[in-house]
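# Working through the structure, step by step
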Amino acid sequence: MDDEVNRMDLLMGIDLGTGSCKVTVIDERGTLIAEASGEYPTSHPQPGYAEQDPNDWWHVVCDILKRMKAEATWEVGDIAAVALDGSTHNAVLLDKNNAVIRPVIMWTDQRSAAEAKELQAAHGKEILRIGWQMPTPTWTLPQLAWLNRHEPDTLARTAHILFVKDHVRYRMTGVAATDHIEAAGTLFFDMEKRAWSRELCDLIGLPLSVLPEIVQPTDRVGVITAEASRETGLREGTPVIAGASDSAVEAYAAGALDDGQAVIKIATAGNVNVMTSKPHPHEKTLTYPHIIPGRWYTVTATNAAGVSKRWLRDVLSGSDELSYADMDTAALASSIGANGVQFHPYLSGERSPYWDADLRASFTGLSMANGRGDIIRSLMEGVAFSLRDCSRVIDTMGLALNEIRFIGGGAKSELWRTIVADVFGRTLFVPAMSDASFGAALLAGVGVGIFPTARDAIARCGKIGAEINPSKDAHERYGSLFERYLKVHDALAPVYTANAALPANKEGA
């Protein structure tokens, strides 16, 4: 370890993403000291369903931390604080003894589409007025409405509700709490009053008492307990900071703080998020508070971005033997437009701009002349087109999009960087470090006073690693291909709607 790194000045961030966990350790200058990751499974018991076992999150976190400790050139005692972030909307239902009642319905799950439509029809204006979002299967409110209808005993047994990072933090500290950004992701939160909303909870008869205390992302929530120390290897008594939802922490880590700065992300899901100085609630977007007080961000999102490439990898190879680098090499042998093949990434229905749980993924334009490289490139282009489709909502809202930070696993692919820059016709700035776990580590430093404020932490530690400029010719070619992409969606959407109504495709059939 660098001799200049002093005892007790290291910071740890734990990111609990949709499919995997990543842990990052940095020093107070933002220098990367160590990182490690691990995956946990998602089960799909029926088409459109997505569930996870919270015990898997904990086991993966413990495994990562023990591996890091065994391999470290630094001391666990040097960790000044830990903070967490995680995917949002995902309710962990606990009984009176704080035992998990059932697997967690994840934000990608589409089973509550009917309940979401009913909530929109009966209470849409009220929900938008209070929660600043419209109900769709992504949100906790429709998910619990589904449980209320199909598993009423489950809700009757629920004494406490936590969310992904909050449940893991509870197992670390014994303290149950959530932050106000996470709370905004439930549709049980009054955005103006910054408190749980009785009116929204009453829509499904949810007692306010089951919801956790609300804190700020940089608040110290507790310390590592003796039991958690034994399980994780972290030092007992290490301060644990609240953290926030992963999209908020990612935007923060990327240095997107001010009006007009935007984030394009290709991770499990894909996002086009724009930062604003005031909130802009809209029925086709998500609206969240920023980590920086007084700032907000508008979210448009596609459900299956990076996970589409992972899915295709597994389909093509039957395992992880085919690397993402191998896939990029194959795609490079193709060309713009993938020799006529297009992919629509609706593997889990779709959010922006359609909010249509019935949509399904498709490859179109295939012929005997196409090979593996065309299929892979079409997938990468299709995700980029889906993100461009998302951004059309931001365009219609008149929100400025002045500077783009490109983040997520997709940003590590040189080919995907080029495709996204060319599809948007915009320069992409790729931060040197933008993982949510890095942002969480910075919040840990703010929480224990190493950084005076969250903005100071980014000013000291945030850096741009690469700048990707678009090709004018490629942008023009992608413009016509994007028009075709929209036409294919419009043609197939009614087919998927009709298909979803067939008895064989209905829930429980």
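Computed from a prediction, not measured in an experiment: that's the story for all the values here.

Glancing now at the overall build of the protein. Secondary structure assignment for the protein yields 16 helices and 23 strands. Across its three principal axes, the protein shows a C-alpha extent of roughly 60 × 55 × 45 Å. Taken over 509 residues, the protein has a buried fraction of 57%. Long-range contacts, defined here as pairs at least 24 residues apart, represent 72% of the contacts in the protein between residues at least 6 apart. Split by element, the accessible area of the protein, about 19400 Å² in all, is 50% carbon and sulfur. Of the side-chain charges in the protein, 48 are positive and 64 negative, and the distance between the mean point of each set is 3 Å.

Moving on: the packing of helix 12 (residues 372-397) against helix 16 (residues 472-500). Two elements in contact, helix 12 and helix 16, have axes whose closest approach is 10 Å; the angle formed by their N-to-C orientations is 80°. What the angle tells us is that helix 12 and helix 16 run roughly perpendicular. Here Arg 377, Glu 381, Gly 382, Phe 385, Ser 386, Arg 388, Asp 389 and Arg 392 of helix 12 come into contact with helix 16, specifically with Tyr 478, Leu 481, Phe 482, Tyr 485 and Leu 486.

Sheet architecture is open: six strands sit in the order 3-2-1-5-14-13, paired in mixed fashion. Edge positions in the sheet fall to strand 3 (32-39) and strand 13 (220-223), since each has one partner strand and no second. Adjacent strand axes in the sheet meet at a mean angle of 20°, parallel and antiparallel pairs treated alike. The sheet contacts of helix 5 (residues 164-173) involve strand 1 (10-16), strand 5 (79-86), strand 13 and strand 14 (239-245), and relative to strand 14 the element is tilted by about 170°. On the sheet, helix 14 (residues 436-447) packs against strand 1, strand 2 (20-26), strand 5 and strand 14 and is oriented at approximately 135° with respect to strand 1.

The subject of this paragraph is a nonpolar patch on the surface. Nonpolar side chains collect at one region of the surface, where Trp 311, Val 315 and Leu 347 lie side by side and expose about 250 Å² of accessible area between them. Within the secondary structure layout, Trp 311 lies in helix 10 (residues 306-317).

A few words now on the nonpolar core. In this structure, Leu 144, Ile 161, Phe 188, Leu 206, Tyr 252, Ile 291 and Leu 442 are the most contacted members of the largest nonpolar core, which totals 71 residues. Looking at this core element by element, the count peaks at eight residues for helix 14. If near-sequence neighbours (up to four positions away) are discounted, Phe 188 is found in contact with Thr 140, Leu 141, Leu 144, Ala 195, Trp 196, Ser 197, Leu 200, Cys 201, Ile 204, Leu 206 and Leu 211. Within the second largest apolar cluster, 44 residues are counted, among which are Leu 322, Leu 401, Ala 411 and Val 430.

That bond from Ser 352 to Pro 353 is cis: its omega, -10°, falls within 30 degrees of zero. Structurally, Pro 353 is set in the loop between strand 19 (342-344) and strand 20 (362-364). Despite not being glycine, His 89 shows a phi value in the positive range, around 80°. In this structure, His 89 sits in the loop between strand 5 and strand 6 (91-94). The backbone phi angle of Asn 98 is positive, close to 65°, even though this residue is not glycine. Mapped onto the elements of the fold, Asn 98 is located in the loop between strand 6 and strand 7 (104-105). A relative accessible area of 28% means that Asn 98 is categorised as partly exposed.

The subject of this paragraph is the sheet that holds strand 23 (residues 464-468). Strands sit in the order 17-18-16-15-21-22-23 across an open sheet of seven strands; the sheet is mixed. Two strands lie at the open edges of the sheet, namely strand 17 (286-289) and strand 23, each paired on one side alone. Put simply, the sheet's adjacent strands are angled 25° from each other on average, direction ignored. As paired elements, strand 17 and strand 18 (residues 296-302) share four bridges and run antiparallel to each other.

Within the structure shown, the criterion is met by 25 salt bridges. One salt bridge connects Asp 63 with Arg 67, and the closest N-O pair in it is separated by 3.1 Å. Of this pair, Asp 63 and Arg 67 both sit in helix 1 (residues 54-71), four residues apart, roughly one helical turn. By relative accessible area, Asp 63 is classed as partly exposed at 41%. Here Lys 165 ties to Asp 166 by a salt bridge, and the two come within 2.9 Å at their closest N and O atoms. Taking the relative accessible area as the measure of exposure, Lys 165 reaches 0% and is therefore buried. Residues joined by salt bridges that share partners form a network here, namely Glu 51, Arg 102, Asp 109, Arg 111 and Glu 151.

Within the fold, Pro 217 resides in the loop between strand 12 (213-215) and strand 13. Here Pro 217 falls in the buried class, since its relative accessible area comes to 6%. Taking C-alpha positions, Pro 217 is 5.5 Å from Ala 244, a pair spaced 27 residues apart along the chain. Ignoring anything within four residues of it in the chain, the contact list for Pro 217 reads Asp 179, His 180, Ile 181, Ile 241, Ala 242, Gly 243, Ala 244 and Ile 291.

We now examine the side chain of His 290. With respect to the element layout, His 290 can be found in the loop between strand 17 and strand 18. Relative accessible area serves as the criterion here: at 2%, His 290 is assigned to the buried category. Engagement of the side chain of His 290 in a polar contact is seen with the backbone oxygen of Ala 256, the distance being 2.8 Å. Not counting chain neighbours up to four residues away, the residues in contact with His 290 comprise Ile 181, Tyr 252, Ala 256, Leu 257, Met 275, Arg 295, Trp 296 and Tyr 297.

Further remarks concern the packing of helix 1 against helix 5. Axis separation between helix 1 and helix 5 bottoms out at 10 Å; the angle between their running directions is 60°. Considering their axes alone, helix 1 and helix 5 lie oblique with respect to each other. Here helix 1 and helix 5 pass one another in a crossing that is right-handed. Facing helix 1, whose interface residues are Pro 54, Asn 55, Trp 57, Trp 58, Val 61 and Leu 65, helix 5 presents Val 164, His 167, Val 168, Arg 171 and Met 172.

So, on to the packing of aromatic side chains. Considering all chains together, one arrives at ten aromatic pairs under this definition. Ring geometry for Phe 343 against Phe 363: centres 4.7 Å apart, planes inclined by 40°, an arrangement best described as tilted. Taken together, the positions of Phe 343 in strand 19 and Phe 363 in strand 20 put the pair 20 residues apart, joining distant regions of the chain. An aromatic cluster is built from Phe 385, Tyr 478, Phe 482 and Tyr 485, whose rings are joined through pairwise contacts. The ring of Trp 146 has Arg 111 lying over it, and the distance from NZ or CZ to the ring centre is 4.8 Å.

Basis of the calculations
Residues numbered from 1 in each chain as written. Predicted model: local features only at pLDDT ≥ 70, side-chain atom pairs only at ≥ 80, totals over all residues. Heavy atoms only, no water. Helix = DSSP H or I, 4+ residues; strand = E, 2+ residues; numbered from the N terminus. Buried < 20%, exposed > 50% of the residue type's maximum accessible area, 1.4 Å probe, protein only. Contact = heavy atoms within 4.5 Å. Areas by Shrake-Rupley, 256 points an atom, 1.4 Å probe, with all protein chains shown as cover. Lys, Arg positive; Asp, Glu negative; His and termini not counted. Charge placed at Lys NZ, Arg CZ, Asp CG, Glu CD. Axes fitted to C-alpha atoms, helices over the stretch in contact; angles between N-to-C directions. Parallel < 35°, antiparallel > 145°, perpendicular 65-115°, else oblique. Pairing = 2+ DSSP bridges. Patch = residues over 30% accessible without salt bridge, like charges linked within 9 Å, V, L, I, M, F, W, Y side chains within 5 Å. Salt bridge = Lys/Arg side-chain N within 4 Å of Asp/Glu carboxyl O. Core = buried A, V, L, I, M, F, W, Y, C linked by side-chain atoms within 4.5 Å. Polar contact = N/O pair within 3.5 Å; in protein donor to acceptor, adjacent residues only side chain to side chain. Left-handed = near helix turned anticlockwise from the far one by under 90°. Phe/Tyr/Trp six-rings, centres within 6.5 Å; stacked < 30°, edge-to-face > 60°. Lys NZ or Arg CZ within 6 Å of the ring centre and 35° of its normal.

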